[in-house]
Amino acid sequence: APASPPAQHLFSDPAEIEALRRNLLAWYDKCKRDLPWRTLAATELHADRRAYAVWVSEIMLQQTQVATVIDYYNRWMQKWPTLQALAQASLEEVNELWAGLGYYSRGKRLQEAARKVVSELGGQMPRTAADLQKLLPGVGRYTAGAIASISYGQATGVVDGNVIRVLCRLRCIGADSSSPAVIDRLWDMANALVDRSRPGDFNQALMELGATVCVPKAPLCGQCPVKQHCRAQRRKLFGKPTPVPDVEDCGVGGCPLCPPAAEPWDSSLGVTNFPRKAAKKQPRVARTATCVLERRGCHGAPEYLIVQRPSSGLLAGLWEFPSLPLAQDLQEEKQREVLADHLRAWTGWPVVATSLHLIGEVVHIFSHIHQTYVVYSLLLDGDVTLDPASSPSRWVTQKEFHASAVSTAMKKV
């Protein structure tokens, strides 16, 4: 069985916990950023509407920076100010508004959950973290804790990337911070620390600290309201202590939260020794041939053919130019032939490889795929009638294209 972590890694002193809460909340009250979801949650008296406002923001903020989210959030809440309004929207409308925000399944699951609340839960949001996570698709442990603490005052902690960084530095946790065992310990710590009278504010304060002060590189330790509780900061200032056993030496007993013996403290890194993560998996490399089919519209303006992707998988339900995955190391001449064959079978037009004009390549990095689009264009003299059973398709102007539910990658194309 793995050894239990020594007390040095944990928060066990009630006086220290109370001081940390007090200092962190005082800093948050003075220094918190003015963000639209905070304003909305603070002014909305109805708990379920407050929960909806928080919920939308938390889903959008997953894997996406605050600066990017703000505009999307404002437009979303203006279009669907209540959960009931969202439940009545179409997936196409959701995808159109979400276009460019990335990780498109988030919007789909958000709408599915809204419909479930309306149709199966009588329009009432679950009010505890456990029920939120259990009953709402797309709501994980972190999002459930955020909604429950901020909207309903439940004294439950949250653990996101910012909180992981803060807690690992506060307590010199150097084991792989993405491992389930370490994550469980961090959740225990977050639940022990959360302020019972202001749980929502405390959780937001902890996340705010990680986002603005205890940042990944060049943290602003001098501005940190809880620096006196930070063991990583103490070690940076005083180095390795005397032989009296301390957190730096507890790995001797096989501590599950200490850095591996092969990765000792690097004094040049200071507090940024923590957190530590396993080596990141390299993204898969993929190549795709994409053809921009163009015709002259009834008013003389160019129109472009877009088709809808399948309802599941990457970029589910979004629209794109006709595309075909390519084998690696395929010569350009062979790429043309493969794409021409695909377009002939798909459109019924006598497309020949030499009629495809190579425009260039576009690289787009998804979270797990390094994608290269090899872009061709083809000017058509007439209409193309596609079999609706194969893929939904439509002709759009350039303005209509940008208003459609298309990915950032296709906008690059």
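Residues numbered from 1 in each chain as written. Predicted model: local features only at pLDDT ≥ 70, side-chain atom pairs only at ≥ 80, totals over all residues. Heavy atoms only, no water.

Let's talk about the state of the cysteines
Simply put, disulfide is the name for a covalent bond between the sulfur atoms of two cysteines. Our working definition: In this description, the term disulfide denotes a pair of cysteine sulfurs within 2.5 Å. Relative accessibility under 20% of the residue-type maximum defines a buried residue, over 50% an exposed one, and the middle range a partly exposed one, all with a 1.4 Å probe and only protein chains included.
Taken as a whole and assessed by the stated rule, the structure comprises zero disulfides. Of all cysteine sulfurs, the one in cysteine 224 lies closest to cysteine 214, which takes part in no disulfide; the gap is 6.3 Å. Overall, the relative accessible area of 12% leaves cysteine 214 in the buried class.

Description of the pattern of salt bridges
Note the threshold: We define a salt bridge as a contact between a side-chain nitrogen of Lys or Arg and a carboxyl oxygen of Asp or Glu at a distance within 4 Å. Here a strand is any run of E in DSSP of at least two residues, a helix any run of H or I of at least four, and the numbering for each starts at the N terminus.
Summed over the entire model, instances satisfying the criterion amount to 17 salt bridges. With its nearest N and O atoms 2.7 Å apart, the salt bridge here joins arginine 198 to aspartate 29. Of this pair, arginine 198 sits in the loop between helix H11 (180–193) and helix H12 (199–212) while aspartate 29 sits in helix H1 (residues 14–31), and the two are 169 residues apart along the sequence. Between glutamate 361 and arginine 287 there is a salt bridge, with the nearest N and O atoms lying 2.9 Å from each other. In this pair, glutamate 361 is assigned in strand S5 (residues 357–365) and arginine 287 in strand S1 (residues 284–296), connecting sequence segments 74 residues apart.

Things to note about unusual backbone geometry
Following phenylalanine 274, the chain continues into proline 275 via a peptide bond in cis, with omega recorded as -5 degrees. Phi is positive for tyrosine 103, which is not a glycine, with a value near 45 degrees. Residue placement: tyrosine 103 occurs in the loop between helix H6 (91–98) and helix H7 (105–120). Judged by its relative accessible area of 37%, tyrosine 103 is partly exposed. With a phi angle near 50 degrees, cysteine 172 is a residue other than glycine that sits in the positive phi range.

As for the pairing of strand S6 (residues 369–379)
Side-chain direction in a regular strand flips from residue to residue, so the side chains alternate between the two faces of the sheet. Counted only if it meets this: For two strands to count as paired, DSSP must find a minimum of two bridges between them.
Burial runs high along S6: eight of the eleven residues are buried. Direction of pairing for S1 relative to S6: parallel, over a ladder of eleven bridges. Among the inter-strand pairings, alanine 286 is bridged to a residue of S6, identified as glutamine 371. Taking the residues between adjacent antiparallel strands as the criterion, S5 and S6 are bridged by three residues.

What about the pairing of S1?
One ladder, built from four bridges, connects S1 with strand S4 (residues 323–326); its direction is antiparallel. Considered in S4, the bridge of arginine 287 is made with leucine 326. In terms of strand pairing, S1 meets strand S2 (residues 302–308) through three bridges, oriented antiparallel. Each residue of the ladder has a partner; that of arginine 295, found in S2, is glutamate 303. Here S1 folds back onto S2 in antiparallel fashion, the turn holding five residues, of which glycine 300 has a positive phi close to 90 degrees.

Let's talk about the packing of aromatic side chains
Put simply, the rule reads: Centres within 6.5 Å are what make two rings of Phe, Tyr or Trp a pair, Trp counting through its six-membered ring; a difference in plane orientation under 30 degrees is then read as stacked, over 60 as edge-to-face, and the rest as tilted. A ring is scored as having a charge over it whenever the NZ atom of a lysine or the CZ atom of an arginine sits within 6 Å of its centre and within 35 degrees of its normal.
All told, the structure shown has four aromatic pairs when counted by the stated rule. Summarising the aromatic geometry, the rings of tryptophan 76 and tryptophan 80 are spaced 4.7 Å apart at their centres and angled 75 degrees between planes, so their arrangement reads as edge-to-face. Look at tryptophan 76 and you get buried, because its relative accessible area is 0%. Linked through ring pairs, Trp76, Trp80 and Trp98 together constitute an aromatic cluster. Arginine 75 extends its terminal NZ or CZ atom over the ring of tyrosine 72, reaching a point 4.9 Å from the ring centre. Between the NZ or CZ atom of arginine 171 and the centre of the ring of phenylalanine 11, over which it lies, the distance is 3.8 Å.

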